[in-house]
Amino acid sequence: QVQFVESGGGLVQPGGSLRLSCAASGSIFSLYVMGWYRQAPGKQRELVAGITSGGTTIYANSVKGRFTISRDNAKNTVYLQMNSLKPEDTAVYYCNRRAGAQWSSAAIGSWGQGTQVTVSS
């Protein structure tokens, strides 16, 4: 079973930036469609961004133009660069493998512990 370990979260002021990392185990990571998700208190977990094995990306409207997902297959790692952060971006962020590249594709891996992002002045 592939495992994911997220890191890079923290406390940042509105307008600031953070870069999240997700390290994955497994030798076929390069074939995975991956996604970054987030869950705010009292809300359901939601997809924020996805990336295919070939590097095609998709984003939630709420983060489009501010967040960038990328991957380094040599390092079995997927990244989320977050700029112009807003208080409403506050959440626990997770990465996971996705069943496909469509927006509606489900997460199919095991959830890690996530990394907390707090945007506050």
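See the structure shown above.
Calculation criteria
- Residues numbered from 1 in each chain as written.
- Predicted model: local features only at pLDDT ≥ 70, side-chain atom pairs only at ≥ 80, totals over all residues.
- Heavy atoms only, no water.
- Salt bridge = Lys/Arg side-chain N within 4 Å of Asp/Glu carboxyl O.
- Helix = DSSP H or I, 4+ residues; strand = E, 2+ residues; numbered from the N terminus.
- Buried < 20%, exposed > 50% of the residue type's maximum accessible area, 1.4 Å probe, protein only.
- Disulfide = S-S within 2.5 Å.
- Polar contact = N/O pair within 3.5 Å; in protein donor to acceptor, adjacent residues only side chain to side chain.
- Contact = heavy atoms within 4.5 Å.
- Pairing = 2+ DSSP bridges.
- Axes fitted to C-alpha atoms, helices over the stretch in contact; angles between N-to-C directions.
- Core = buried A, V, L, I, M, F, W, Y, C linked by side-chain atoms within 4.5 Å.

Points about the pattern of salt bridges
Applying the stated criterion to the full structure yields three salt bridges. Between D89 and R38 there is a salt bridge, with its nearest N and O atoms 3.0 Å apart. Note that D89 is positioned in the loop between β8 (77-82) and β9 (91-98) and R38 in strand β4 (residues 33-39), a separation of 51 residues in sequence. Each member of the pair, D89 as well as R38, is classed as buried. Where R66 meets D89, a salt bridge forms, and the shortest distance between an N and an O atom there is 2.7 Å. One end of the pair, R66, is in the loop between β6 (57-59) and β7 (67-72); the other, D89, is in the loop between β8 and β9, and 23 residues separate them in sequence.

Observations regarding the state of the cysteines
By the definition in use, this model includes one disulfide. Note on cysteine connectivity: C22 is disulfide-linked to C95, with sulfurs 1.8 Å apart. Because the torsion about its S-S bond is 55°, the bridge between C22 and C95 counts as right-handed. Residue C22 is found in strand β3 (residues 18-24), and its partner C95 is found in strand β9; the two are separated by 73 residues along the sequence. Considered together, C22 and C95 belong to a single accessibility category, that of buried residues.

Regarding unusual backbone geometry
For N76, which is not a glycine, the phi torsion comes out positive at approximately 50°. Structurally, N76 can be placed in the loop between β7 and β8. Its identity as a non-glycine residue notwithstanding, S84 has a phi of 50°, on the positive side. Here S84 lies in the loop between β8 and β9. On the accessibility criterion, S84 (41% relative accessible area) is partly exposed.

With respect to the side chain of R38
Since its relative accessible area comes to 7%, R38 is described here as buried. In this structure the side chain of R38 is engaged in a polar contact, spanning 3.0 Å, whose partner is the side chain of D89. A distance of 3.0 Å separates a polar atom in the side chain of R38 from a polar atom in the side chain of Y93. Those residues in contact with R38 that sit more than four places away from it in its chain are Q44, R45, E46, V48, S62, V63, F67, E88, D89, A91, V92 and Y93.

Some thoughts on the sheet that holds strand β1 (residues 4-7)
Strands belonging to one sheet form pairs held by backbone hydrogen bonds; the direction of such a pair is parallel or antiparallel. Overall, antiparallel pairing links the four strands, which are arranged β1-β3-β8-β7 in an open sheet. A single partner strand is all that each edge strand has here, and the edge strands are β1 and β7. Neighbour to neighbour, the strand axes of the sheet diverge by 15° on average, direction disregarded. Strand direction decides the pairing type here: β7 and β8, joined by six bridges, are antiparallel. Its bridge partner being in β8, R71 is matched across the sheet by V78.

What to know about the nonpolar core
Side chains that are nonpolar tend, in soluble globular proteins, to be buried together. Of all hydrophobic cores here, the largest spans 29 residues; its most connected members are M34, W36, V78, L80, M82 and Y93. Among the elements that take part in this core, β3 stands out by supplying four residues, more than any other. When neighbours within four sequence positions are excluded, L80 is seen to be in contact with L18, R19, L20, W36, V48, A49, F67, T68, I69 and Y93.

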